[in-house]
Amino acid sequence: MSDETSTENPDIKAIADVVATVERTQRAKDVDGFLALFHPDALWTTAHGRVLLGREAIAGFTRAVLPADDWDGQVTYEVAHVRFLRPDVAAVKVRQVYRSADGDSEGSPLYVMTRGTDGRWLLHACQNTAVHAG
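Let me begin by describing the structure that accompanies this report. (Residues numbered from 1 in each chain as written. Predicted model: local features only at pLDDT ≥ 70, side-chain atom pairs only at ≥ 80, totals over all residues. Heavy atoms only, no water.)

1. Some words on a nonpolar patch on the surface
On the surface, L43, V51 and L53 cluster together into a nonpolar patch covering about 270 Å² of accessible area. Examined against the element boundaries, L53 turns out to sit in strand β2 (residues 51-53). (Patch = residues over 30% accessible without salt bridge, like charges linked within 9 Å, V, L, I, M, F, W, Y side chains within 5 Å. Areas by Shrake-Rupley, 256 points an atom, 1.4 Å probe, with all protein chains shown as cover. Salt bridge = Lys/Arg side-chain N within 4 Å of Asp/Glu carboxyl O. Helix = DSSP H or I, 4+ residues; strand = E, 2+ residues; numbered from the N terminus.)

Right, dumping it as C-alpha cells:
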C-alpha cells in the first residue's frame with residue numbers, strides 16, 4: 001500500500017473494509033451482501049467487457065453468475081492504492097488474485113467509490129480488468 005492508503009485515515013479504513021467485503025461476499029457467493037456495496041446508479045464493467053448500468057442490471061448479472069460459479073479456488077482482494085479525487089470520491093486500485101490448483105491468475109480492478117451523506121463508501125464506477133502475463 002502507498003502512503004495514501006494508511007489505515008489510520010478513517011476513510012481509507014472504510015474503503016478497505018468495502019474491498020474486504022467484496023472479497024468475503026465473492027467467496028461466500030453472497031449476492032445480497034455484494035449488491036449492498038453498490039451505489040444505485042453504479043456502473044460496472046466486467047473483466048470480459050460487459051457493461052452493466054445501475055444496481056438493477058448489476059443485480060441481474062450477479063444473481064445469474066455468482067451462485068452458479070463452480071470455480072474451486074480462492075480469491076483475494078487487496079487495496080493497492082487510493083487516490084482521493086475529492087474528499088467524497090476516491091479512485092481505488094485493487095489487486096485481485098485467483099488461486100487454484102491449475103495456477104494463479106490476476107485481476108486489476110479500478111473502483112471509483114463515493115461517500116454518501118450517511119458516511120458510507122459505495123462502489124460507483126468499476127472496471128474489472130484481467131491481467132495477462134507477458
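More follows now that the structure is in view.
2. Section: the pairing of strand β4 (residues 89-99)
Bridge count for strand β3 (residues 74-86) against β4 is 11 bridges, and the pairing is antiparallel. Paired with T76 across the two strands is V97, which belongs to β4. Counted along the chain from β3 to the antiparallel partner β4, the turn is two residues long. As paired elements, β4 and strand β6 (residues 110-115) share five bridges and run antiparallel to each other. Looking at β6, one finds that K93 is bridged to L110. (Pairing = 2+ DSSP bridges.)

3. Topic: the nonpolar core
Among the nonpolar cores identified, the biggest contains 28 residues, and W44, V92, Y111, M113 and L123 are the most heavily contacted of them. At the level of secondary structure, the elements contributing two or more residues to this core comprise α1 (10-28), α2 (31-35), β1 (38-45), α3 (55-65), β3, β4, β6 and β7 (121-127). For this core, the leading source of residues is α1, giving five residues. In this view, V92 contacts I15, V19, V79, H81, V82, P109, L110, Y111 and M113; residues no more than four positions away in its chain are not counted. (Core = buried A, V, L, I, M, F, W, Y, C linked by side-chain atoms within 4.5 Å. Buried < 20%, exposed > 50% of the residue type's maximum accessible area, 1.4 Å probe, protein only. Contact = heavy atoms within 4.5 Å.)

4. Quick word on the side chain of E23
With respect to the helices and strands, E23 occurs in helix α1. A polar atom in the side chain of E23 sits 2.8 Å from the backbone nitrogen of Y77. Once residues lying within four places of it in the same chain are set aside, the contact partners of E23 are V75, T76 and Y77. (Polar contact = N/O pair within 3.5 Å; in protein donor to acceptor, adjacent residues only side chain to side chain.)

5. Some thoughts on the packing of aromatic side chains
All chains considered together, the criterion is met by five aromatic pairs. A network of ring pairs unites the aromatic residues F34, F38, W44 and Y111 as a single cluster. (Phe/Tyr/Trp six-rings, centres within 6.5 Å; stacked < 30°, edge-to-face > 60°.)

6. Considerations on a negative patch on the surface
Together, D69, D70, D72 and D102 make up a region of like negative charge exposed at the surface. Its place among the elements puts D72 in the loop between α3 and β3. Among the residues examined, D72 registers a relative accessible area of 68% and is labelled exposed. (Lys, Arg positive; Asp, Glu negative; His and termini not counted. Charge placed at Lys NZ, Arg CZ, Asp CG, Glu CD.)

7. Some points on the layout of surface pockets
Approximately 830 Å³ is the volume found for the largest pocket. Lining the largest pocket are 31 residues, with Q26, D69, Q96, Y98 and N128 sitting closest to its centre. The set of elements that each furnish at least two residues to the lining of the largest pocket consists of α1, α3, β3, β4, β5 (105-107) and β8 (130-131). A per-element tally of the lining of the largest pocket places α3 first, with four residues. Partitioned by chemical class, the residues of the lining of the largest pocket number 16 nonpolar, 11 polar and four charged. (1 Å grid on protein atoms, 1.4 Å probe; cavity = no way out; pocket = protein on both sides within 12 Å on 5 of 7 lines; lining within 4 Å. Points joined across faces, edges and corners; volume = space filled by probe spheres on them. Nonpolar A, V, L, I, M, F, W, Y, C, P; charged D, E, K, R; others polar.)

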